[in-house]
Amino acid sequence: MKAAVVGAGSWGTTLANVLAQNGITVALWARRAELAEEIKNYRENRTYLPGVKISSSINVSSDLEQVIHDSNYVVMVVPSHSMSAICRQLGKYIIDEAIIISASKGLESDTFRRMSQVLADELPSRFSERIAVLSGPSHAEEVSKELPTTVVAASAKRQVAEQVQDIFMNAYFRVYTNPDVVGVELGGALKNVIAICSGISDGLGFGDNTRAALMTRGIAEITRLGVKLGAKPATFGGLSGIGDLIVTCSSLYSRNRRAGMEIGRGKTVKEVVESTKMVIEGINTTKAAYLLANKLHIEMPITEQAYEVLFQNKSPLDAVSTLMKRQGKHEIEDMVFEKSVEW
Ligand SMILES: NC(=O)C1=CN([C@@H]2O[C@H](COP(=O)(O)OP(=O)(O)OC[C@H]3O[C@@H](n4cnc5c(N)ncnc54)[C@H](O)[C@@H]3O)[C@@H](O)[C@H]2O)C=CC1
Ligand SMILES: O=C(CO)COP(=O)(O)O
């Protein structure tokens, strides 16, 4: 059994290690030859995952054809903005029986496509029923320390989801299956928007009450958009929904939350992006979610304020004020009061 992991950032490197520990022959693709060399020389990804030993059995290369060759599983872990271009390059190298897994979390900012839609559109059509998504609360730094972690393998096809579950499952990495690809993928992408907001709130010096408010009202608006796009509401109460939202809004490892904290403390978005080599998926996803919600007439007030702060220079404090001063609402939209009686 052979797996190709495409993308040698912190998550790709971690997933390569998990698969190698599970006895699978793994090849890891790094975009830059220097990074491939660094990992080969030190058996450590000093740029994206310092301090973690990379299994000696993993073959690391920047040659896409060599990495993909004969792989039964192709795990895509590149930033979402580069997914379509890389898919177009590698489609011709994938064997017919392969299963393709997206472990990236984001929406394309111009087309609004989810990553599994990008895979289906950009890879040869013979793979359309062999696509899966891996998502859930799983920071690379903690999985690398083998801290107990739970995620979801989603695919429209049960056999595909179960095969993905089988290759990744081990004593510290537990994988559930879910047929709701739309819900699993949207939960993983949209929680990054709320995590930026949670970071902004922390950076402004607000407290746990505010973070809890953002998370709870955040999952409400994520669910609203998700259901409109065909997702099942229950998925947003699961690992890839509220589970990932909790971890990303509260973890010090979250790049999205950290970016938000810097913005809350006064840095510009440009300064924050330029200060790290790591991908802050929530920025592009905020734009995609905002435009998509407008197009579909879905109310997403937190996402709207995130968009105005990130793309229209609105001050974070003004954004908070706008949210707090909105007209009073029912908490649960479809739960109404009994017919009013005079009193
Ligand atoms: N780091 C984590 O704990 C987790 C990350 N993810 C997702 O995994 C995906 C990859 O993120 P990480 O591995 O964390 O990356 P990272 O932030 O650690 O590193 C960025 C990676 O993207 C690559 N890259 C940058 N621009 C690129 C381009 N134009 N084309 C191809 N590659 C490019 C870099 O070479 C590097 O490998 C993201 O969608 C992220 O949301 C999902 C779960 C956990
Ligand atoms: O998706 C993640 C954890 O589940 C990673 O989140 P960040 O990209 O914010 O670090």
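Residues numbered from 1 in each chain as written. Chains lettered and ligands numbered in written order. Predicted model: local features only at pLDDT ≥ 70, side-chain atom pairs only at ≥ 80, totals over all residues.

What follows deals with the overall build of the chain. The number of helices and strands found in the chain is 15 helices and ten strands. Taken over the C-alpha trace, the chain has a radius of gyration of 20 Å; the compact-globule value for 343 residues is 20 Å, and the two agree within 12%. On the principal axes, the C-alpha backbone points of the chain span a range of 75 × 40 × 35 Å. In the chain, buried positions account for 50% of the 343 residues. Across the chain, the fraction of contacts at a sequence separation of at least 24, relative to all contacts at a separation of at least 6, is 71%. (Helix = DSSP H or I, 4+ residues; strand = E, 2+ residues; numbered from the N terminus. Rg over C-alpha atoms; globule rule 2.2 N^0.38 Å. Buried ≥ 20, exposed ≤ 12 C-beta atoms within 10 Å, placed from the backbone. Contact = placed C-beta atoms within 7 Å.)

What follows deals with the pairing of strand E7 (residues 99-102). Neither face of E7 is left uncovered, since the one carrying Ile99 and Ile101 and the one carrying Ile100 and Ser102 both have all their residues buried. Of the strand pairs in this sheet, strand E6 (residues 73-76) and E7 are connected by four bridges, and their pairing is parallel. Directly across from Tyr73, in E7, lies its bridge partner Ile99. In this fold, the crossover linking E6 to E7 by way of helix H4 (residues 83-90) has right-handed handedness. By the bridge criterion, three bridges tie E7 to strand E8 (residues 131-135) in an arrangement that is parallel. From the neighbouring strand, Ile101 faces E8, where its bridge partner is Ala132. After leaving E7, the chain enters helix H5 (residues 115-122) and then returns to the sheet as E8, a path that is right-handed. (Pairing = 2+ DSSP bridges. Right-handed = clockwise from strand over helix to strand, strands pointing away.)

On to the site of ligand 1. Residues in contact with ligand 1 amount to 23 residues; listed here are only the nearest, Gly9, Trp11, Ser82, Ser104 and Met278. The element contributing the most residues to the shell around ligand 1 is helix H1 (residues 10-21), with three residues. Looking at the shell around ligand 1 residue by residue, the class counts come to ten nonpolar, ten polar and three charged. (Near = placed C-beta within 6 Å. Nonpolar A, V, L, I, M, F, W, Y, C, P; charged D, E, K, R; others polar.)

Along helix H11 (residues 255-264), nine of the ten residues are buried, which leaves the element largely enclosed by surrounding structure. By the burial criterion, the buried members of H11 are Arg255, Asn256, Arg257, Arg258, Ala259, Gly260, Met261, Ile263 and Gly264. Buried residues belonging to H11 abut helix H8 (181-203), helix H10 (239-250), helix H12 (269-274), helix H13 (281-296), helix H14 (301-311) and helix H15 (316-324). Where H11 terminates, the next one or two residues include Gly266, which has phi positive at roughly 120°.

To continue, consider the pairing of E8. Where burial is concerned, most of E8 is hidden: five out of the five residues are buried. With burial as the criterion, each face of E8 is covered, one bearing Ile131, Val133 and Ser135 and the other bearing Ala132 and Leu134. Note: E8 against strand E9 (residues 149-154), three bridges, orientation antiparallel. By the bridge assignment for E9, Val133 is matched with Ala154.

Let us now look at the nonpolar core. The biggest cluster of nonpolar side chains holds 102 residues, and the ones touching the most others in it are Val5, Val75, Met76 and Ala132. Residue contacts for Val5: discarding those within four places in its chain leaves Gly12, Leu15, Ala16, Val26, Leu28, Trp29, Val75 and Val77. (Core = buried A, V, L, I, M, F, W, Y, C linked by C-beta atoms within 7 Å.)

The local shell around ligand 2 holds 14 residues, among which Ser138, Thr248, Ser254, Arg255 and Asn256 are the closest. When the residues that make up the shell around ligand 2 are grouped by side-chain class, the tally is four nonpolar, six polar and four charged. Each of domain 1 (2-179) and domain 2 (182-324) accounts for three or more of the residues forming the shell around ligand 2. (Domains from an automatic or database assignment.)

All right, on to the sheet that holds E7 then. Across the sheet, eight strands lie side by side as E5-E2-E1-E6-E7-E8-E9-E10; this open sheet has mixed pairing. Among the strands making up the open sheet, the edge pair consists of strand E5 (59-61) and strand E10 (173-178). On average, each strand axis in the sheet is inclined to that of its neighbour by 20°, with strand direction left out of account. Pairing analysis gives five bridges linking strand E1 (residues 2-6) to strand E2 (residues 25-29), with the strands arranged parallel. Within E2, the residue paired with Val5 across the bridge is Leu28. (Axes fitted to C-alpha atoms, helices over the stretch in contact; angles between N-to-C directions.)

Glancing now at helix H7 (residues 158-168). Within H7, burial applies to Val160, Ala161, Gln163, Val164, Ile167 and Phe168. An end-on view of H7 places all buried positions within 160° of arc, on one side of the element. Among the exposed residues of H7, those pointing more than 90 degrees away from its buried face are Arg158, Gln159 and Asp166. (Arc of directions from axis to C-beta.)

Here we take up the UniProt feature "binding site: NADPH" (unreviewed entry) in the chain. Taken from the UniProt record, the annotation "binding site: NADPH" (unreviewed entry) applies to Ser10, Trp11, Arg31, Arg32, Tyr48, Lys105, Ala140, Arg255, Val279 and Glu281. Take Val279: it is sitting in the loop between H12 and H13. With respect to the helices, strands and loops of the structure, Glu281 is situated in helix H13. Leaving out residues up to four positions away in the same chain, Glu281 has contacts with Pro79, Ser80, Lys105, Gly106, Asn192 and Asn256. (UniProt positions renumbered as here; feature names shortened; annotations may be inferred.)

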